[in-house]
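Secondary and tertiary structure notes
So you can see what is in the structure, the chains are spelled out below.
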Amino acid sequence: MKYNSTIRKLSEIKADALCAFCFSKAELSEASKDLDDALEGTLSKSLKHIGFKGDAGSTATITPLSGKAKQIIVVGLGDKKDLTLSSINKSLDTAEQKVRELKPKTVAVDLTITSGTAVSENALCAKLIERLNTGGYLFDTYKSDKSKSSTISDACFVCSKDQQSAVKKTIAYTAAQSQGVNLAKDLGNEPGNVCTPTYLADIAKGLAKEYASLSCKILEEKDMEKLNMGAFLSVSKGSSEPGKMIILEYKGGAAKSAPHVLVGKGITFDTGGISLKPGAKMDEMKYDMCGAASVLGTMKAIAEIAPKKNIIAVVAAAENMPAGHASKPGDIVTTASGQTVEILNTDAEGRLVLCDALTYVERFKPKSVIDIATLTGACIVALGHTTSAVMSNSDEFANLLITSGTEAEDKAWQLPIFEEYQKQLDSPFADMQNIGGPAAGSITAACFLARFTKKYTWAHLDIAGTAWTSGGTKGATGRPVPLLLNYLVNHAK
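Bear in mind that the values here come from a model prediction, so they are computed numbers and not experimental data. (Residues numbered from 1 in each chain as written. Predicted model: local features only at pLDDT ≥ 70, side-chain atom pairs only at ≥ 80, totals over all residues. Heavy atoms only, no water.)

1. Quick word on helix H14 (residues 481–491)
Where burial is concerned, most of H14 is hidden: nine out of the 11 residues are buried. Of all the residues in H14, the buried ones are Val-481, Pro-482, Leu-483, Leu-484, Leu-485, Asn-486, Tyr-487, Leu-488 and Val-489. (Buried < 20%, exposed > 50% of the residue type's maximum accessible area, 1.4 Å probe, protein only. Helix = DSSP H or I, 4+ residues; strand = E, 2+ residues; numbered from the N terminus.)

What follows is the structure, encoded as structure tokens:
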């Protein structure tokens, strides 16, 4: 979808559908009043005739007999004094749904209604683009009968002259974010027989070909053997699909500027290994690579926005399978850091691939490191499907990520990783074991990772509850691309 802005009059814009907002008592914006004048009062008369009052979430569709817009959609916002970014959500959802029902190819939206309210034109623009992207997303690659729903090709946002610069920047940023979210969704929704570690490596190579600012390097299993990544290899050896360590670099800052690093868990299918998962909903374990998907999606958005920073993505990609040569409970492996791990549960494999990746990124001398993983079911018990978990060796860093998520409407919340939890990982035979028992499962998983992150500022995002939805609306969400992008572009120093 193409997005653009204009300061032209609404009456001058040719579109299949024109969306105008109004407040209670059908109070129109000045731009909409000008449109009404051009239509000889047809708009206001029609609203009065049908008794439209402008209540929040209400809509009216008018087919004008003249003018350049084929149809005009008027969406109520309620009382002007009550308009906030939160209160506007219901109306925006309704607007997006109504636009979809009409199946226009081109749509124009009046942003000027926000004048004199707590909501800016660019904030309204961002929310609209996000909804158009969400509502227009389809994954029908494997459907014999492709969806016949209409796809909007162009969206034009009508803004005030003094707001056009801000709106243009918002369009560029939000459109890039939408591309990143969609890539993350696509990768998550691909079946496990297609989206293998090799497939993820090919996607990363493709991004490096598409954007000159990106470069890609792939570590094969033989390379990881030389780096003594025994924890990672203990997972990938159980599969006929070779594991890959994918490194994607964006160089937008000074050559000596320390990079910010993202590390994504890329278990492209997780059977649990020898510690086999229950059969029910095991199909959803294709989503166990959503951490990797969000990292690759974020890097695509970064390449589009082109911030003046250095950013590196590392994806630890492997399959976790119960083959005859797979790891067994009780096996002991040596990590790239030299620390040894007793594997008590082969279904706690994400932390095993991540710990070697976290050791690998030390070479970059990073400014910050965030690992993103669908790591624990315990996170869903703690925070449900609304909020991602943040755990960090720096409270300041954790708070920065929480703020980034709040601003991007991609919520996260901090869980503690106090030293007292570390004793749950004590092993009688190795430096640590890979599970800490049933109590505080998300926290002890992060405590395990913390043992490999002592040389830099680090945070762990557990997205097990937010990376995908189940049931009739099953699918990847693309989270936490908005949080990560907001941090990297607007908060990372």
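There's plenty left to go through after this.
2. Quick word on the sheet that holds strand S17 (residues 432–433)
Read from one edge to the other, the open sheet built from three strands follows the order S12-S13-S17, with strand pairing classed as mixed. Each end of this open sheet is capped by a strand with a single partner; those strands are strand S12 (331–334) and S17. With four bridges connecting them, S12 and strand S13 (residues 340–343) associate as antiparallel partners. Residue Thr-334 lies in a different strand from S13, and its bridge partner there is Thr-340. (Pairing = 2+ DSSP bridges.)

3. Digging into the pattern of salt bridges
For the structure on display, the rule yields 18 salt bridges. Note that Glu-220 and Lys-244 form a salt bridge whose closest N and O atoms lie 2.6 Å from each other. Note that Glu-220 is positioned in the loop between strand S8 (214–219) and helix H7 (221–226) and Lys-244 in strand S9 (residues 244–251), a separation of 24 residues in sequence. Judged by relative accessible area, Glu-220 falls into the partly exposed class, the value being 26%. Note on Lys-244: relative accessible area 9%, which makes it buried. Two residues, Glu-349 and Lys-265, come together in a salt bridge whose shortest N-O distance is 3.5 Å. A residue pair is termed long-range when its members are at least 10 positions apart, and Glu-349 in the loop between S13 and helix H10 (350–360) and Lys-265 in strand S10 (residues 260–270) qualify at 84 residues. There is no split in this pair, since Glu-349 and Lys-265 are both buried. Bridged by salt links that share partners, the residues Lys-265, Asp-288 and Glu-349 form one connected network. (Salt bridge = Lys/Arg side-chain N within 4 Å of Asp/Glu carboxyl O.)

4. Remarks on the packing of helix H1 (residues 30–38) against helix H2 (residues 42–49)
Where H1 contacts H2, the two axes come as close as 6 Å, and the packing angle between them is 100°. Our classification of the angle between H1 and H2 gives roughly perpendicular. When H1 is examined against H2, the residues Ser-32, Leu-35 and Asp-36 are found in contact with a partner set consisting of Thr-42, Leu-43 and Ser-44. For the contact of H1 with H2, the residue count by class is two nonpolar, three polar and one charged. (Axes fitted to C-alpha atoms, helices over the stretch in contact; angles between N-to-C directions. Parallel < 35°, antiparallel > 145°, perpendicular 65-115°, else oblique. Contact = heavy atoms within 4.5 Å. Nonpolar A, V, L, I, M, F, W, Y, C, P; charged D, E, K, R; others polar.)

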